[in-house]
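Each chain, letter by letter, is given below.
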Amino acid sequence: MLKPVNIAVLVSGGGTNLQALINAQRDGLLHSGKIQLVLSSKPDAYALIRAQQAGIPAVAVSKKQAGSQQAFEEALLAQLRAHHIDLIVLAGFMSILSEEFIKAYPRRILNVHPSLIPSFCGQGFYGLRVHEAALAYGVKVTGATVHFVNEIPDGGEIIAQKAVDILPGDTPEILQRRVMEQAEWVLLPQATEAVSAALQTEREGNDE
Ligand code: GAR
């Protein structure tokens, strides 16, 4: 049996996408990678409790306490290195990472975004704001995207997308929930498994 790749999930809030990954691991859908660490940019994020309940080491790294973006990223990198992390999954992580950080993990960082990129994405589009913008524009279809993270916010290579209908009477909250249920919670575990499996194969090839 191949050794699973070590995954870190980075969060800032409720952590429902983290929960989808934990459930996928429990159910064997995610088996080429193992969640070894959860890092939160907010000390009071409910995602930390989800991690603890699943027995996964969980650490809060606060930008405020760190004092600067550089110190914040150094603290994140120290945790990632200490846990020998191969693959990073941004699951509702509300902090933009520097080019230097991203370069330390080329094609090793995934992000889930709650729209069909290139619509409603980039700086300032996160969480509920994305759904507010989609409703304000009046689009009839939205969705979610999982992509590799590069130096352009929401600009990296797309791995998977799924469309979700916007229905009459939708509020940002109702739409957010539908996009999560129909798209994010399905796509993120699938993409994480696919990328983990590819990394495992690559590692095997290098070992030969
Ligand atoms: C999710 O909808 C995720 O796609 C979004 O924040 C929410 C986090 O929810 N991420 C972004 O907007 C990133 N640009 P969760 O904490 O329950 O997973």
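Structure first, text after, so check above.
Residues numbered from 1 in each chain as written. Predicted model: local features only at pLDDT ≥ 70, side-chain atom pairs only at ≥ 80, totals over all residues. Heavy atoms only, no water.

## Regarding the pairing of strand β4 (residues 87-90)
Basically, it comes down to this: Burial classes: relative accessible area under 20% of the type maximum marks a residue as buried, over 50% as exposed, and values in between as partly exposed (1.4 Å probe, protein chains only). Under the scheme used here, helices are H or I runs from DSSP no shorter than 4 residues and strands are E runs no shorter than 2 residues, and both carry numbers assigned from the N terminus. At least two bridges found by DSSP between two strands is the condition for calling them paired.
Along β4, one buried face is formed by L87 and V89 and the opposite face, lined by I88 and L90, is buried too. Sheet topology places strand β1 (residues 5-11) next to β4; four bridges connect them, and they run parallel. Within the sheet, the bridge partner assigned to A8 lies in β4 and is I88. Direction of pairing for β4 relative to strand β5 (residues 109-113): parallel, over a ladder of three bridges. Bridge pairing in β5 places I88 opposite I109.

## Examining the site of the ligand
This is how the line gets drawn: We call a residue near a molecule or strand as soon as one heavy atom of that residue lies within 4 Å of the molecule or strand. Distance and chemistry together define a polar contact, namely a pair of N or O atoms within 3.5 Å, with one atom able to donate a hydrogen and the other to accept it when in protein, and with adjacent residues in sequence counting only for side-chain atoms on both sides. The accessible surface values rely on the Shrake-Rupley method and a 1.4 Å probe; as for residues, cover is taken only from the protein chains in view. The distinction between a cavity and a pocket rests on a 1 Å grid over the protein atoms alone: a 1.4 Å probe fits inside a cavity but cannot get out, while a pocket stays open yet meets protein on both sides within 12 Å along at least five of seven lines, and a residue with an atom within 4 Å of a point counts as lining. A molecule is said to be in a cavity or pocket once over half of its atoms fall within 2 Å of that pocket's grid points. Residues are grouped as follows: nonpolar covers Ala, Val, Leu, Ile, Met, Phe, Trp, Tyr, Cys and Pro; charged covers Asp, Glu, Lys and Arg; every other residue, Gly included, is treated as polar.
In the vicinity of the ligand there are 14 residues, among which G15, T16, N17, G127 and E184 approach most closely. Here an oxygen atom of the ligand and a backbone polar atom of G127 are 2.8 Å apart. The contact in question runs from an oxygen atom of the ligand to an N or O atom on the side chain of E184, over 2.6 Å. Contact with the protein chains hides 93% of the accessible area of the ligand, taken as 450 Å² for the molecule alone. Cavity membership is defined here by more than half of the atoms lying within 2 Å of grid points; on that basis the ligand lies in the largest pocket. For the shell around the ligand, the residue count by class is six nonpolar, seven polar and one charged.

## Considerations on the side chain of E73
Operational definition: Lys and Arg are tallied as positive, Asp and Glu as negative. Neither His nor the chain termini are counted. Definition used for salt bridges: Asp or Glu carboxyl oxygen within 4 Å of a side-chain nitrogen of Lys or Arg.
Considering the arrangement of structural elements, one finds E73 in helix α4 (residues 69-82). Buried and without a salt bridge, E73 has K63 as its closest oppositely charged side chain, separated by 7.2 Å.

## Some words on the environment of E173
Along the chain, the position of E173 falls in helix α7 (residues 172-207). On the basis of relative accessibility, which here comes to 47%, the residue E173 falls in the partly exposed class. Sequence-wise, E173 and L128 are 45 residues apart; in three dimensions their C-alpha atoms are separated by 7.0 Å.

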